Structures are given as C-alpha cells and as structure tokens.
Amino acid sequence: MLHANVPDAHGRFGPYGGQFVPETLMPALAELEAAYAAAKQDPEFWSEFNGYLRHYVGRPTPISFARRLTEHLGGAQIYLKREDLAHSGAHKINNALGQALLVKRMGKQRVVAETGAGQHGVATATASALLGIDCVVYMGTVDMARQAPNVFRMKLLGAEVRGVDSGSKTLKDAINEAIRDWVTNVDGTHYLLGSALGPHPYPLIVRDFQRVIGDESRRQMQEQAGRLPDTVVACVGGGSNSIGIFYAFLDDPNVRLVGVEAGGRGIASGEHAARFADPKLARLGVLHGTRSFVMMDADGQIALTHSISAGLDYASVGPEHAYLRDLGRTEYTYCTDDQALAGFRALCRFEGIIPALESAHAIGHVLDLAPTLPEDHIILVNVSGRGDKDLDTVMREA
Ligand SMILES: *Cc1c(COP(=O)(O)O)cnc(C)c1O
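Predicted model, so just to flag it, every value in this text is computed and none were measured. (Residues numbered from 1 in each chain as written. Predicted model: local features only at pLDDT ≥ 70, side-chain atom pairs only at ≥ 80, totals over all residues. Heavy atoms only, no water.)

Novice: Would you explain helix α7 (residues 148-156) in this entry?
Specialist: Residues separated by three or four positions in an α-helix point in the same direction, a consequence of the helix having 3.6 residues per turn. The complete set of buried residues in α7 reads N150, V151 and M154. Projection of α7 onto a plane perpendicular to its axis shows the buried side chains occupying an angular sector of 105°, all on one side. Pointing more than 90 degrees away from the buried face of α7 are the exposed residues P149, F152 and L156. Just beyond α7, the residue with positive phi is G158, at close to 95°. (Buried < 20%, exposed > 50% of the residue type's maximum accessible area, 1.4 Å probe, protein only. Helix = DSSP H or I, 4+ residues; strand = E, 2+ residues; numbered from the N terminus. Arc of directions from axis to C-beta.)

Next comes the structure, spelled out in structure tokens:
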C-alpha cells in the first residue's frame with residue numbers, strides 16, 4: 001500500500017509536510033494530534049460523525065451519469081460525484097463538521113478560522129451553529145468587500161467576522177491573524193483549518209474527514225456502472241476535495257487519478273495558481289507551516305497568484321499531493337480561466353447543473369479529455385460544489 005506509512009510520526013509525506021511553526025504553536029499542535037489519535041480509534045466518534053453526514057449533510061451524495069454531456073463530447077462516459085448537493089453547497093462541510101466534533105471532544109467551546117472567498121468561513125459557521133460552538137472568522141477587508149453575501153451568511157449563522165486590515169488585506173493576512181488568535185487563546189480555542197494543508201496533523205485530519213467522498217464513490221460506481229472508473233478527475237486548490245475522492249482508489253493501479261489546478265491567464269503569463277505546472281515560479285518551500293510546492297519570486301517572496309475561482313487561488317498545495325505525484329500515483333494538469341468557464345457553461349447547458357467555478361476546472365479538463373478516449377472508458381468527475389456563489393463572476397465574464 002502506497003500510503004500506509006504516510007504521514008510518518010513527524011507528519012512528513014516523504015520530503016513534504018511536517019510542522020514548520022513557531023515554538024509557541026507546538027503545544028497546540030501536540031494537543032490536537034493526541035486528541036485526533038484518540039478520536040480516530042474511537043468507533044463512537046465515527047458513528048457520531050457519520051450520523052451527522054447522513055442526517056444533516058445529506059450523505060451519501062449521489063453519482064449522476066452525465067448522459068447528454070457524454071453524447072455531446074463523443075468519447076468516454078462521464079459520471080459526476082455530486083458534492084454540490086451536500087448541505088451548504090460544497091464538500092467543505094465534511095471537514096468543518098469533523099473538526100467541530102473534535103472541538104467538542106477536546107472540551108473547547110470556540111473556533112477560529114480564516115476565509116478568503118468565504119466558503120470555508122460559511123462551512124465553519126454552519127458546523128458551529130449546529131453544535132453550539134462560538135465561531136470567529138478572520139477575513140481580509142478587501143475580501144469582505146468582494147464577498148459581501150458570504151459575510152452576511154456567516155453573520156446570519158451566528159459567527160463573528162473580524163476584518164483584517166494589514167498587508168494585502170486578503171487570505172494570507174487573515175491566516176496570520178487567525179493563528180495569532182489561536183496562540184493567544186489556545187486553552188479554549190481550536191483553529192479550524194479548511195484544506196489538506198498546514199502543519200501536521202491538519203493534512204491528515206482533513207483527508208480523513210474528506211475521504212468519505214471517495215469511499216462512497218467507489219461503492220456507488222460498482223453499483224451503478226458495475227465497475228470502478230478508469231479515470232478520476234478533481235480540481236486542486238489546497239487539495240481537500242481531490243485527496244478526498246482519490247484516497248479510496250490509491251490501491252487500484254488501473255484507476256488514473258488526475259488533479260486539475262488553476263491555469264488562470266495561462267502558464268506563460270505567470271498569472272495562475274498551477275503550482276505543479278510552472279517550475280519557474282513554484283519550488284519546494286514552506287508556507288503556513290508545511291513544506292510543499294510554493295509559488296514564489298526569485299527572492300523567495302510568496303508570489304501573487306490568480307484564478308477566476310477564489311477556492312483555487314492559493315500559492316501552495318497540500319503535501320500529500322506532492323508526495324503522490326513523486327510516486328507517479330497521481331498526475332496534475334491545469335485549466336485556464338477560459339477553459340473553466342467553458343466547463344461551467346457545458347455543465348449548465350447539458351446537465352442542468354450549475355457548478356462552482358472551482359469544480360468547473362475539473363469539467364473544463366474533461367471537455368478536452370473525454371473525446372480522446374473510447375466509449376467504454378469511464379471518467380468520474382468530482383463536482384466539489386455548486387455555483388450560486390459564482391454567478392456574479394460569470395455574469396461579468398459574459
Ligand atoms: C474551497 C473549494 C475548493 C478548493 O479547495 P480544495 O481543498 O482543493 O478542495 C474546490 N471546490 C469548491 C467548491 C470549494 O469551495
């Protein structure tokens with residue numbers, strides 16, 4: 001088994017991962033690691049988690065055969081894993097709920113989180129409302145202005161949204177403030193991290209809470225298609241929906257696993273977030289506590305990234321992806337903003353599904369891939385979320 005020994009005791013996935021944090025954070029990470037190790041062994045924890053997934057999130061999410069898109073493209077059969085149908089509109093709720101249950105177990109009553117576009121903030125506020133936890137979300141003031149509806153959603157859900165006015169007033173500044181809050185209030189507070197990123201044990205915890213996507217898919221494909229898919233495609237921001245769907249297939253060598261990063265305005269433009277596609281901009285480095293591929297300039301300053309989808313617009317990528325890529329088990333490609341918009345429109349028009357712009361990157365890749373493959377080839381695409389949040393962006397592009 002490829003993944004049996006990772007992460008190791010230090011949270012490393014080969015040369016990636018680890019815990020690159022100030023000394024003051026080490027006790028908090030150690031506490032979280034111990035709490036999660038205990039929870040992981042406790043069947044009651046998982047039965048509570050699975051109960052909420054079933055009765056609150058609405059899992060299992062279905063798999064839909066995309067008949068008209070398949071006919072239109074003329075090639076491989078396309079199936080869609082419908083995370084857009086999960087409560088609150090995306091896969092993020094799986095992780096937010098899992099960590100919120102862990103918060104209860106640790107005897108804490110407060111969470112802090114950071115959010116860029118607001119999707120992780122909304123998922124965290126949702127899980128906090130459900131379980132009666134105090135929730136503070138840090139958000140750059142530039143992002144708050146751009147994402148006013150999500151700010152209002154979080155407030156409706158009872159969260160306090162704290163604007164961050166330092167630096168570029170966006171996600172990375174919000175992360176710094178959330179970490180500062182966590183260090184100061186660590187006794188009663190948990191930092192609820194939103195993707196398969198950050199210092200150990202977060203990449204492990206987030207993957208374990210998202211692997212339900214792949215576990216369900218594996219079973220559902222057997223039931224619906226009578227066999228496993230030949231190719232699984234998912235978009236990669238920090239890497240949580242993709243590792244979530246890939247994980248169940250790691251030991252099926254005939255299942256190709258393809259991650260799609262944000263190609264923005266094209267690799268040559270430098271305005272993208274395709275960490276694996278641009279060796280000029282992305283190198284091995286440390287960002288927010290973990291070692292992975294990081295986009296940076298010649299002086300090692302974190303590069304400004306661009307994507308039409310906020311959820312893919314991040315300078316680094318989860319360490320487990322870098323590791324699986326080195327092993328040759330997963331592969332990565334990218335979709336430009338324009339290709340993603342084509343994917344967005346195609347799923348609307350042919351399937352009656354308005355996908356998140358993040359998910360539209362996976363669809364955009366399938367528009368190119370499916371026609372090159374025979375009709376007995378099965379592609380499973382993770383539709384990580386729904387597109388209501390992106391209508392303004394798409395309207396401006398029209
Ligand atoms: C946040 C988000 C993503 C990107 O995050 P990952 O951790 O890479 O999954 C993808 N799709 C949707 C709908 C999102 O909200």
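There is more to say, and it comes next.
Novice: Mind showing me how you'd approach the environment of L312 here?
Specialist: Relative to the assigned elements, L312 resides in the loop between β12 (290-295) and α12 (319-327). Owing to a relative accessible area of 1%, L312 belongs among the buried residues under this scheme. Along the backbone, L312 and C348 are 36 residues apart, and their C-alpha atoms lie at a distance of 21 Å. Non-local contacts of L312, meaning those with residues more than four positions away in its chain, are made with C235, V236, G237, A262, A273, S307, E358 and H361. (Contact = heavy atoms within 4.5 Å.)

Novice: Teacher, can you tell me more about the site of the ligand here?
Specialist: Around the ligand sit 17 residues, and of these K92, S195, G237, S240 and S384 come closest. Between the ligand and the protein, one listed contact pairs an oxygen atom with a backbone N or O atom of G238 at 3.2 Å. Here an oxygen atom of the ligand sits 2.7 Å away from a polar atom, N or O, in the side chain of S240. Its residues placed into classes, the shell around the ligand shows four nonpolar, 11 polar and two charged. Inspection of the shell around the ligand shows a minimum of three residues originating in each of domain 1 (21-54 + 91-206) and domain 2 (58-89 + 210-397). (Near = heavy atom within 4 Å. Polar contact = N/O pair within 3.5 Å; in protein donor to acceptor, adjacent residues only side chain to side chain. Nonpolar A, V, L, I, M, F, W, Y, C, P; charged D, E, K, R; others polar. Domains from an automatic or database assignment.)

Novice: Please clarify how the nonpolar core should be interpreted in this entry.
Specialist: A general trend in soluble globular proteins is that nonpolar side chains are found buried together. Of all hydrophobic cores here, the largest spans 93 residues; its most connected members are M154, W182, Y191 and V232. Per-element tally for this core: the top contributor is helix α4 (residues 92-105), with seven residues. Residues contacting Y191, with those up to four places away along its chain left out, are Q99, V112, A113, E114, I175, A178, I179, W182 and Y202. Counting 24 residues, the second-largest nonpolar core is a separate cluster that includes A66, A76, V260 and C335. (Core = buried A, V, L, I, M, F, W, Y, C linked by side-chain atoms within 4.5 Å.)

Take it as geometry only, folks, not as evidence of what the structure does.
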